[in-house]
Amino acid sequence: MAYRSKGQKETILQHLIDNKTITSWTAITEYRITRLSDVILRLRREGHNIATKMVNGKNSTYAKYIYLEQVTIGDNYNLELV
């Protein structure tokens, strides 16, 4: 059986599900992923709800990506015009 490691999207998505947030530094140091913004863009295009918060650090500003729970709209609601 051939071994297939997780791809970048799967790795980052799992991190976001488990930890709710990620920064570029975390992606680089823990997963050796240097283009986090590209991975986030691909996840968003697949429908994942990921927000970006700009954080002011000591010497720089960086992005912190936040995984937001998916909102499912069910059939049990009723809209009425008033």
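Here we summarise the structure given alongside this text. All values derive from a computational prediction rather than experimental measurement. (Residues numbered from 1 in each chain as written. Predicted model: local features only at pLDDT ≥ 70, side-chain atom pairs only at ≥ 80, totals over all residues. Heavy atoms only, no water.)

1. Details of the pattern of salt bridges
No. 1: On inspection of all chains with the given rule, the structure shows two salt bridges.
No. 2: Notably, a salt bridge pairs D38 with R42, separated by 3.3 Å at the nearest N-O pair. Of the two residues, D38 and R42 both sit in helix α3 (residues 36–45), four residues apart, roughly one turn of that helix.
No. 3: You can call D38 partly exposed: its relative accessible area is 27%.
No. 4: Owing to a relative accessible area of 31%, R42 belongs among the partly exposed residues under this scheme. (Salt bridge = Lys/Arg side-chain N within 4 Å of Asp/Glu carboxyl O. Helix = DSSP H or I, 4+ residues; strand = E, 2+ residues; numbered from the N terminus. Buried < 20%, exposed > 50% of the residue type's maximum accessible area, 1.4 Å probe, protein only.)

2. Description of the nonpolar core
No. 1: The biggest cluster of nonpolar side chains holds 14 residues, and the ones touching the most others in it are I12, L16, I22, L36, I40, I50 and Y65.
No. 2: Here this core takes four residues from α3, the largest share from any one element.
No. 3: Aside from chain neighbours lying at most four places away, what touches Y65 is L16, K20, T21, I22, L36, S37, I40, R44, I50, A51 and T52. (Core = buried A, V, L, I, M, F, W, Y, C linked by side-chain atoms within 4.5 Å. Contact = heavy atoms within 4.5 Å.)

3. Thoughts on the environment of L36
No. 1: Within the secondary structure, L36 is located in helix α3.
No. 2: Judged by relative accessible area, L36 falls into the buried class, the value being 2%.
No. 3: Sequence-wise, L36 and Q8 are 28 residues apart; in three dimensions their C-alpha atoms are separated by 8.9 Å.
No. 4: When residues no more than four places from it in sequence are discounted, the contact partners of L36 are I12, I22, T23, S24, A27 and Y65.

4. Details of the packing of helix α1 (residues 8–19) against helix α2 (residues 24–31)
No. 1: In the contact formed by α1 and α2, the axes pass within 12 Å of each other and the chain directions differ by 115°. For the crossing formed where α1 meets α2, the hand is right-handed. Across the interface between the two elements, T11, I12 and H15 of α1 pack against T26, A27, E30 and Y31 of α2.
No. 2: Partitioning the contact of α1 with α2 into residue classes produces three nonpolar, three polar and one charged. (Axes fitted to C-alpha atoms, helices over the stretch in contact; angles between N-to-C directions. Left-handed = near helix turned anticlockwise from the far one by under 90°. Nonpolar A, V, L, I, M, F, W, Y, C, P; charged D, E, K, R; others polar.)

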